[in-house]
Number of protein chains: 2
Amino acid sequence: MKAALIQQSFTAQKAQNAARSEQNIRKAAQNGARLIVLSELHNRLYFCQSENPAFFDLAETIPGESTEYFGAIAKALGVVLVLSLFEKRAAGLYHNTAAVIEADGSLAGKYRKMHIPDDPCFYEKFYFTIGDLGFKPIDTTLGRLGVLICWDQWYPEAARLMALAGADILIYPTAIGWDPSDTPEEKSRQLEAWRLVQRSHAVANALPVISANRVGLEKGQDGLGAGVDFWGHSFICGAQGEMLAEAGLENDAILYADLDFERTEKTRRIWPFLRDRRVEHYGDLTKRFIDRG
Amino acid sequence: MKAALIQQSFTAQKAQNAARSEQNIRKAAQNGARLIVLSELHNRLYFCQSENPAFFDLAETIPGESTEYFGAIAKALGVVLVLSLFEKRAAGLYHNTAAVIEADGSLAGKYRKMHIPDDPCFYEKFYFTIGDLGFKPIDTTLGRLGVLICWDQWYPEAARLMALAGADILIYPTAIGWDPSDTPEEKSRQLEAWRLVQRSHAVANALPVISANRVGLEKGQDGLGAGVDFWGHSFICGAQGEMLAEAGLENDAILYADLDFERTEKTRRIWPFLRDRRVEHYGDLTKRFIDRG
């Protein structure tokens, strides 16, 4: 099964972004990709650089405008799409949500981002309510997709729960970048940490991983701060964490990899980690911290 | 605080192994190391390549011969030592146990390997009962040591539980190697997977990691099989997973790194993963698998 991810930069024009994404999706499909993953919140500039109540206007329902637009493309091309959308669920209730579109254009399922960050220029806790659908893979004709989103990528718990629920693959639409004022050394450490923690989820669970990041410097839309320099470097790795395809800082990169879900079985036979988990001693993982005394 | 690890090859002569280890410990201490970590089961050849009831004679009590021998060295040099021993607990009850020796020569505590492997040439389930002390860091004058052992390194759960219990550092005495008949590509994937999964524990928990491996080809002591080619490549990494010191395949390598436990606080301020864990959704981590229907 050939999978692809699209690494893209974005502008303030939603229609322009969607058209670029469509162009990239069509190209990926022409090249044989059957599963295509877009980066996080791919309809827009990354609006979470400031807390602005007006930006809630950017949200949409699921199903809604984007699932319809991209659903038609998925159906026309016969591909499964992983979208990342700003979901309006009810008045005052919004989520950061991935929507998986089946190859017939229907909505296969959605995942609401469970771990929500909140750091300078990533004020997501203002916009997004924590997900309440849990860590459940989404079944498609291509397999059971363990879709997670960005900040989730730092949590081995999320990857493990997807694996325990039978995921065939882990997928991370992402929007991560550098603070432009960081030193080159710090930037390098952050990028490498990001790559290796996601590759480690592949290793620990013997699952392939697709991580699709944004790319390019985006100034805050309220003119605050120096912006975020989204660092690209999207990648696809195999069930032992080995790199299969890797981008740099280029715009509109499309990465491809042929994925064989049978490798999970083969890899788990030589490294049967699931067999030896000491589940009776894992109860404290549900604690915030193990306080003393 | 300067830490060191000793990567060593071993022979069938226990006294010779201990003398080499002592020499390496003295050298590390002379070079300023205050914490010194040895590799897994450093008194002996790796006897778990076959299942032989006679090999239980190799076990010792803790405290016992080795804690006395190395305790005297620790006291003389004023260093904290992490030993890895074959523990005899009672008739027919044995563990793979790390013993931490305080700088005054006393036993600071022990950790019994919780995840026990069992693969061709690594028949550990025959020799070692699963640990029953849980994932508890060991307090020393140098800090709270999150000591784990080899196979534990593949389990993000173990690293996380040590971090939640307040560990300042993760330490892995290890005995991992290649099947000599594996292809170069497979060997390379395995080595890289091993490195990145441990570095990812540093990233996910913002803790430094010390991983001390054996090195060199050891034929099975019962003349069975091609042996295990212990792959060395011991390393020390910092709280963002960045490599601080790294060995190759050399015998008797001593690696050093200056560790600053304050970096954990600094790193967790920019990447506050512990803040956002969705503990109320982690209950299924205590399941073997999440079966359907």
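On a predicted model such as this, the values are computed, not experimentally measured, just so you know. (Residues numbered from 1 in each chain as written. Chains lettered and ligands numbered in written order. Predicted model: local features only at pLDDT ≥ 70, side-chain atom pairs only at ≥ 80, totals over all residues. Heavy atoms only, no water.)

A.B. asks: For this particular structure, what's the right way to read the sheet that holds strand 8 (residues 169-174) of chain B?
C.D. replies: Adjacent strands of a sheet pair through backbone hydrogen bonds, lying either parallel or antiparallel. Residue and element names in this part refer to chain B. Taken together, six strands build an open sheet; the order of strands is 6-7-8-10-13-14 and the sheet is mixed. Lying at the two open borders of the sheet, with one neighbouring strand each, are strand 6 (138-140) and strand 14 (243-246). Going from strand to strand, the sheet's axes swing by 20° on average, the running direction of each strand aside. Relative to strand 14, strand 13 (residues 235-237) is paired through three bridges, and the arrangement is antiparallel. Looking at the pairing, I236 lines up with A245 of strand 14. With respect to the sheet, helix 5 (residues 184-205) is in contact with strand 8, strand 10 (209-213), strand 13 and strand 14, its orientation differing from that of strand 13 by roughly 30°. (Pairing = 2+ DSSP bridges. Helix = DSSP H or I, 4+ residues; strand = E, 2+ residues; numbered from the N terminus. Axes fitted to C-alpha atoms, helices over the stretch in contact; angles between N-to-C directions. Contact = heavy atoms within 4.5 Å.)

A.B. asks: So what exactly am I meant to see when it comes to the packing of aromatic side chains here?
C.D. replies: Each aromatic ring pair is summarised here by two numbers: the centre-to-centre distance and the angle between the ring planes. This structure, assessed with the given rule, holds 52 aromatic pairs over all chains. Measuring from ring centre to ring centre gives 6.3 Å for F135 of chain A and Y282 of chain B, while their planes differ by 35°; the resulting arrangement is tilted. Of this pair, F135 of chain A sits in the loop between helix 3 (124-127) and strand 6 (138-140) while Y282 of chain B sits in the segment after helix 6 (262-270), placing the two residues on different chains. By relative accessible area, F135 of chain A is classed as buried at 8%. We classify Y282 of chain B as buried; its relative accessible area is 0%. Across from the ring centre of F230 of chain A, 5.3 Å away, lies the NZ or CZ of R214 of chain A, which sits over that ring. K2 of chain B extends its terminal NZ or CZ atom over the ring of Y256 of chain B, reaching a point 5.3 Å from the ring centre. (Phe/Tyr/Trp six-rings, centres within 6.5 Å; stacked < 30°, edge-to-face > 60°. Buried < 20%, exposed > 50% of the residue type's maximum accessible area, 1.4 Å probe, protein only. Lys NZ or Arg CZ within 6 Å of the ring centre and 35° of its normal.)

A.B. asks: Can you walk me through the sheet that holds strand 3 (residues 80-90) of chain B in this structure?
C.D. replies: All names here are of chain B. The strand order across the open sheet built from six strands is 5-4-3-2-1-15, with neighbouring strands paired in mixed fashion. Looking at the sheet topology across the chains shown, the edges are occupied by strand 5 (107-112) and strand 15 (253-258). Each strand axis lies, on average, 30° off the axis of its neighbour in the sheet, ignoring direction. Pairing between strand 4 (residues 93-101) and strand 5: five bridges, direction antiparallel. Of the residues in strand 5, the one forming a bridge with A98 is Y111. Against the sheet, helix 1 (residues 14-30) engages strand 1 (2-7), strand 2 (35-37), strand 3 and strand 15, with an angle of about 30° to strand 15. Its contacts with the sheet place helix 2 (residues 65-77) against strand 3, strand 4 and strand 5, and it is angled at close to 165° to strand 3.

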